[in-house]
Amino acid sequence: MWEAIRRWFDPAEARAVGETPDYRFSLANERTFLAWLRTGLALVGGGLAAAQFLPPLPMSHLREIIAVALLLLGGTVAIRAVDHWARTERAIRLGQELPASRFPAVLAIAVGAGAVLLVIAVLARAVGER
């Protein structure tokens, strides 16, 4: 694990293996990393917005649970992004198959489940106000 983390911060380590790839592949990998990072930042922003702007919901501490879940998910996406970038860059340089990941599917399920829970909370609040 520490070896993988060290690779994140050492550009010379990435260049020490394999052959220099076509720069377009490295740039595409970097654009993908930045897209994942934007997703993580959006989730963190959503968590902060939920904590600050959501009114109290009918279920006790639901607002705080939503905020913390979004913040944790955003942090996880950011860490996962840098790890995937480093592993993909290494695979490109070594001419290996790119690393497969279930993380996009897990993230999609988590976001979808969160949306369903929010719909339930909004409907419960609407019914409670009647």
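Structure report, in brief. (Residues numbered from 1 in each chain as written. Predicted model: local features only at pLDDT ≥ 70, side-chain atom pairs only at ≥ 80, totals over all residues. Heavy atoms only, no water.)

1. Focus: the overall build of the chain
The condition is simple: Only DSSP runs of H or I with at least four residues qualify as helices, and only runs of E with at least two residues qualify as strands; both kinds are numbered from the N terminus onward. Partly exposed describes any residue whose relative accessible area lies between the buried limit of under 20% and the exposed limit of over 50%, with all areas from a 1.4 Å probe on protein chains only and scaled to the type maximum.
What the chain contains, in helices and strands, is 5 helices and 0 strands. N-terminal to C-terminal, the α/β element order of the chain is α-α-α-α-α. C-alpha atoms of the chain, sized along the principal axes, occupy 65 × 25 × 20 Å. Burial status across the chain gives 25% buried among its 130 residues.

2. Some details on the pattern of salt bridges
As a reminder of what qualifies: Put simply, a salt bridge is a Lys or Arg side-chain nitrogen that is within 4 Å of an Asp or Glu carboxyl oxygen.
For the coordinates displayed, the defined rule picks out 4 salt bridges. Linking arginine 87 and aspartate 83 is a salt bridge whose minimum nitrogen-to-oxygen distance equals 3.2 Å. Placement of both arginine 87 and aspartate 83 in helix H4 (residues 62-94) is noted, with a separation of 4 residues, approximately one turn of the helix. Judged by its relative accessible area of 32%, arginine 87 is partly exposed. Residue aspartate 83 is classed as buried on the basis of its relative accessible area of 18%. Each member of the salt-bridge network shares a partner with another, and the members are Arg80, Asp83 and Arg87.

3. A look at the packing of helix H3 (residues 23-53) against helix H5 (residues 103-129)
The following threshold applies: Axis angles are defined between N-to-C directions and span 0 to 180 degrees, where every axis is a line fitted to C-alpha atoms and, for a helix, only to the segment in contact. Small angles under 35 degrees read as roughly parallel and large ones over 145 as roughly antiparallel, with 65 to 115 read as roughly perpendicular and the rest as oblique. Should the near helix be turned anticlockwise from the far one by less than a right angle, the crossing is termed left-handed; should it be turned clockwise, right-handed. Between two residues, a contact is recorded if the distance between any of their heavy atoms is within 4.5 Å. Only Asp, Glu, Lys and Arg are considered charged in this grouping, and only Ala, Val, Leu, Ile, Met, Phe, Trp, Tyr, Cys and Pro are considered nonpolar; every other residue, Gly among them, is considered polar.
With their axes 14 Å apart at the nearest point, H3 and H5 run at an angle of 25° to one another. Overall, the two elements H3 and H5 adopt an arrangement that is roughly parallel. Between H3 and H5 lies a crossing of left-handed hand. Every residue of H5 that contacts H3 at Trp36, Thr39 and Leu43 is listed here: Phe103, Pro104 and Leu107. Residues of the contact of H3 with H5, tallied by class, amount to 5 nonpolar, 1 polar and no charged.

4. A closer look at the packing of aromatic side chains
How we decide: Any two rings among Phe, Tyr and Trp, with Trp reduced to its six-membered ring, count as a pair given centres within 6.5 Å; such a pair is stacked if its planes are under 30 degrees apart, edge-to-face if over 60, and tilted if neither.
In the structure shown here, the tally under the stated rule is 2 aromatic pairs. Summarising the aromatic geometry, the rings of phenylalanine 33 and tryptophan 85 are spaced 6.3 Å apart at their centres and angled 50° between planes, so their arrangement reads as tilted. Taken together, the positions of phenylalanine 33 in helix H3 and tryptophan 85 in helix H4 put the pair 52 residues apart, joining distant regions of the chain. Ring centres of tryptophan 36 and phenylalanine 103 lie 5.8 Å apart, and the angle between their planes is 55°; this geometry places the pair in the tilted category. Linking tryptophan 36 in helix H3 with phenylalanine 103 in helix H5, this pair joins segments that are 67 residues apart in sequence. For phenylalanine 103, a relative accessible area of 15% translates into the label buried.

5. A few points about the nonpolar core
Worth spelling out the cut-off: Residues grouped as a nonpolar core are buried Ala, Val, Leu, Ile, Met, Phe, Trp, Tyr and Cys residues, joined through side-chain atoms within 4.5 Å.
Counting 6 residues, the largest nonpolar core is built from Ala50, Leu57, Leu62, Ile66, Ala67 and Ala121. In contact with alanine 67, not counting residues within four places along its chain, are Gly47, Ala50 and Ala51.

6. Considerations on the packing of H4 against H5
One way to put it is that H4 packs onto H5 with a least axis distance of 12 Å and a crossing angle of 165°. Classed by the angle they form, the pair H4 and H5 counts as roughly antiparallel. Where H4 crosses over H5, the handedness of that crossing is left-handed. Along its contact with H4, which presents Leu62, Ile66, Leu73, Thr76, Val77 and Arg80, the element H5 presents Phe103, Leu107, Ala110, Val111, Leu118 and Ala121. For the contact of H4 with H5, the class distribution of residues is 10 nonpolar, 1 polar and 1 charged.

Fair warning: the whole summary comes from geometry, so function is off the table for now.
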